[in-house]
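Residues per chain are reported as follows:
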Amino acid sequence: MKHFYALVLLTVLLTGWQPLFAQTFVPITVSGFNADIVAEAGNSALAATSTVIDGSNHVIHTTAFATANGVSGGITPTGTFVNGTKTWQMAAFNANNALYMALPSNSVPNTVGTGTLTLTTPAIYSKLSLLAFGTEGISTVSVLLTFTDGTTSNAGTITIKDWFNGTPAVVTGYGRITRTNAPMTVDGVTSTNPRFYAFDFNIPCAVLGKSLASVTFTQLAATGGTSRALLLALAGVAYTPVVYSSTHTNAICGGANGTLTLTATNGSTPYTYKWNTSPVQTTATATNVPAGAYIGTLTDANGCVFTVNDTVSLISSATIAASASATAICAGDPVTLTATPISGTVTDYSWSPGTLAGQTVTDTPADTTSYIVSAKDAFGCIIKDTVDVAVKPTPTSSFTVTPAIICQGGTNTVTFSGTATPAATYNWNNFAGATVQSGADSGPYQISFPNAGDFNLQLQVTDDGCVSTVTTQPVTVSALPQLNITVSKSPICAGDATTITFTGTASAAAVPTWDWGGGTVQTGTGFGPYDVQYSTTGNINLTVTDGACTATATPATVAVIQLPVPAFTPDITQGCAPVAITFDNKSRNADSYQWTFGDGSTSAIEDPSHTYNNTGVYTVSLTATAQGQCSTTITKTSLISIVPMPIALFSSAPGQNIAVEFKNADFTFTNNSQNGGSYEWDFGDGTGSTDFSPEHKYEITGDFRVTLYVTNDIGCTDSISRAYYKVIPDLVLDIPNAFSPNGDGINDRWEVDGLKARPNATTEIFNRYGQIIFKGIGFSAWDGTWKGQLMPFGTYYYIIKPAPGEKTYAGWVALLR
């Protein structure tokens, strides 16, 4: 027995210096360098590089640069370095070609604390080798591997030696050049310094076999905190995952002569082997192995471990042969099984499946069966043999008839759905008298029965000597019904009913399916008759199923006249008699109209105008009719209200055309109006009132026209105007002789009301010394102050000149507190 495995190395992490086997390291092309440290062309090491790499202003140069500038030393211009089985290839010298690193705390220009070298082409490697060196001492960097599946693995740390005096070195004595313009100096050519070193590390077993995407380096420590690391190139050993397997030979009963063999290809060689036999065997093949379960261990050159499980069984030298009375039987038939010893001593016969025992047994298998006979040899080892008995399936005769119920004249499809081989024969028993239109053997068949009735189709199948049961399927052939329907009335008004009657022939078992075309059945079942109510025109359809026959009647139409929908609005619903009201007819589905206006008048006009001459409340009705057959009436109760017009009338005291002095210009107006609801007075002086019977005092002189507007509750208005109401200036002024300007709101000012009628009058007030302390024009009130100061109590004197040619008034006024 052989087991095969293809796997990725697991579990063991090997970093730093390791003893490496003679495997070939090939250059790995990477990107991620941050410094150009190699002068390769021109006559200035300063111009040809990007940064200095040690504390004494040095860089590396090529032999071509040395020749061109008359100096010694230099590395190969190709950037290719070979040491034993390892080959490294530096990046182009005219661009960044080193990863220049230092501790962040060191603050070395142009360095990084962490840098990543990304593989141009990811690939699988088992070992990596880094070409690198340090300056100003020794640096320690960590290595982190990143794979294309996104996983990472810690590959440990590397101690990078200073480029002077470290061992072992792979490149030595190439010299270093000052990073200056010419003249430039070179040192180290005659010694073994400076140097490049190789730092080798394995891919950890846990990730071996993954495709490497990049390698990240982080500087962890530095000599004195100031040393720097320069990483130049990567090389790797290409890796193919190991494939391994095991085989064995069984041990003969009574002996221990089995073998186990472990083989492997690919991976990292050489391999070592180990079998957990007793004693342990360390070769690829373990010999003289007794029966049992074993574990084989394979360790590759990287120390990665793989295991296999294998089993050595016992085999006997005795043999038996199993046979059957028939190698093929029909399902349900018995078979006799016999075990015959061929060599050796054989006892204790048993058969499986099942619990049969004995050298000869009988069984009735349900399916094709491999019978295994077991027995014991002289050592008690089990020996076996197998005999196969094929159970031929009994054919099944199931079939379908579609349709099983059919209308006379139709075609049935008979489809075999049982099981049989192509060699089977079929007995359809003449299809119960049906005519075969097409089909042979297992079908399918197209058949047709000439007459209506009930029939039984039968089938029996014979296949390789095995006979099925008989399957029977019934078929019913129905006669086609004759249909007709009548409608008692059409057209009808929407919402009315009409009677639908079936006339035709069908059996008592026939089932009608009515489509009333939107109608609603009021009465009726089965074949009817039916009373059906309609709101819209509808088509009546009838389908009758009689057995397998379906017939459809010629549709009948019930025409429906849509009921009119009367609607109207008057332009006004209230008015003062007489008033003409126009009615807007908004009815639908109508072609004639009849109006009743509630005052004994009617109209057949679609949009009438009607004049109401008398007061009252009127109900209006509209009857809308469609096609002279269907009518609907709408009545709006107490819709129109007609009220009497208002009548404006008033009297006054004093009356018209009576001259009234200004001081007596108080008029009382008596409202004698009828049918009013609101009142508006215009007194002719720019003022008015809404009182029913107002009183009014004129504040100016003149001839005034008074107008009364009377409006009822629905907005009808009447007015009356009377003229003139005469107001003249006072013939004699009434002049107060005292006032008290104490801020109590009572008699705080001295004022002459009659001056309101004399806008050109002048008023002068004097103190007892004859000084003028107030002067006013027209109606001007004195508040008892002079120049903003309240005058003391006492007597003051006034002179009032009403108008040219009129009497002048002079007198005194007392200012009180």
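Nothing here was measured: the structure is a model prediction, and the numbers come from that model.

Engineer: Would you explain the pattern of salt bridges in this entry?
Structural biologist: Pairing is possible between side chains that carry opposite charge, provided their charged atoms lie close to one another. Evaluation of the coordinates by the stated rule reveals 13 salt bridges. Linking Lys663 and Asp734 is a salt bridge whose minimum nitrogen-to-oxygen distance equals 3.8 Å. Separated by 71 residues along the polypeptide, Lys663 in the loop between strand E62 (659-661) and strand E63 (666-671) and Asp734 in the loop between strand E68 (717-728) and strand E69 (738-739) bring together distant segments of the chain. Lys663 sits in the partly exposed class, given a relative accessible area of 31%.

Engineer: Looking at this model, I keep getting lost on the packing of aromatic side chains. Mind explaining?
Structural biologist: For any two aromatic rings, the description comes down to two numbers: the centre-to-centre distance and the angle of the planes. Evaluated as defined, the whole model comprises 37 aromatic pairs. Measuring from centroid to centroid gives 5.2 Å for Phe133 and Trp163, while their planes differ by 10°, and the two rings are stacked. Residue Phe133 is located in strand E10 (residues 125-135), and its partner Trp163 is located in the loop between strand E12 (152-160) and strand E13 (171-172); the two are separated by 30 residues in the primary sequence. According to the relative accessible area criterion, Trp163 is buried, its value standing at 2%. Taking 6.3 Å as the distance between ring centres and 10° as the angle between the ring planes, the aromatic pair formed by Trp595 and Phe597 counts as stacked. Chaining the aromatic ring pairs together yields one cluster made of Phe650, Phe667, Phe669, Trp681, Phe683, Tyr698, Phe704 and Tyr725. Here Lys86 stacks its cationic end above the ring of Phe25, 5.1 Å away from the centre of that ring. The lysine or arginine in question, Arg722, covers the ring of Phe650, its NZ or CZ lying 5.3 Å from the ring centre.

Engineer: Whenever I open this one, the sheet that holds strand E36 (residues 412-416) confuses me. Can you help?
Structural biologist: In any sheet, the strands associate via hydrogen bonds between backbone groups, in a parallel or an antiparallel arrangement. Spatial strand order, E34-E36-E39-E38: four strands in an open sheet with antiparallel pairing. Edge positions in the open sheet fall to strand E34 (399-402) and strand E38 (435-438), since each of these has one partner strand only. Averaged over all pairs of adjacent strands, the angle between strand axes in this sheet comes to 30°, irrespective of strand direction. Taken together, the three bridges between E38 and strand E39 (residues 445-448) define a ladder with antiparallel strand orientation. Its bridge partner being in E39, Thr435 is matched across the sheet by Ser448.

Criteria and thresholds
- Residues numbered from 1 in each chain as written.
- Predicted model: local features only at pLDDT ≥ 70, side-chain atom pairs only at ≥ 80, totals over all residues.
- Heavy atoms only, no water.
- Salt bridge = Lys/Arg side-chain N within 4 Å of Asp/Glu carboxyl O.
- Helix = DSSP H or I, 4+ residues; strand = E, 2+ residues; numbered from the N terminus.
- Buried < 20%, exposed > 50% of the residue type's maximum accessible area, 1.4 Å probe, protein only.
- Phe/Tyr/Trp six-rings, centres within 6.5 Å; stacked < 30°, edge-to-face > 60°.
- Lys NZ or Arg CZ within 6 Å of the ring centre and 35° of its normal.
- Pairing = 2+ DSSP bridges.
- Axes fitted to C-alpha atoms, helices over the stretch in contact; angles between N-to-C directions.

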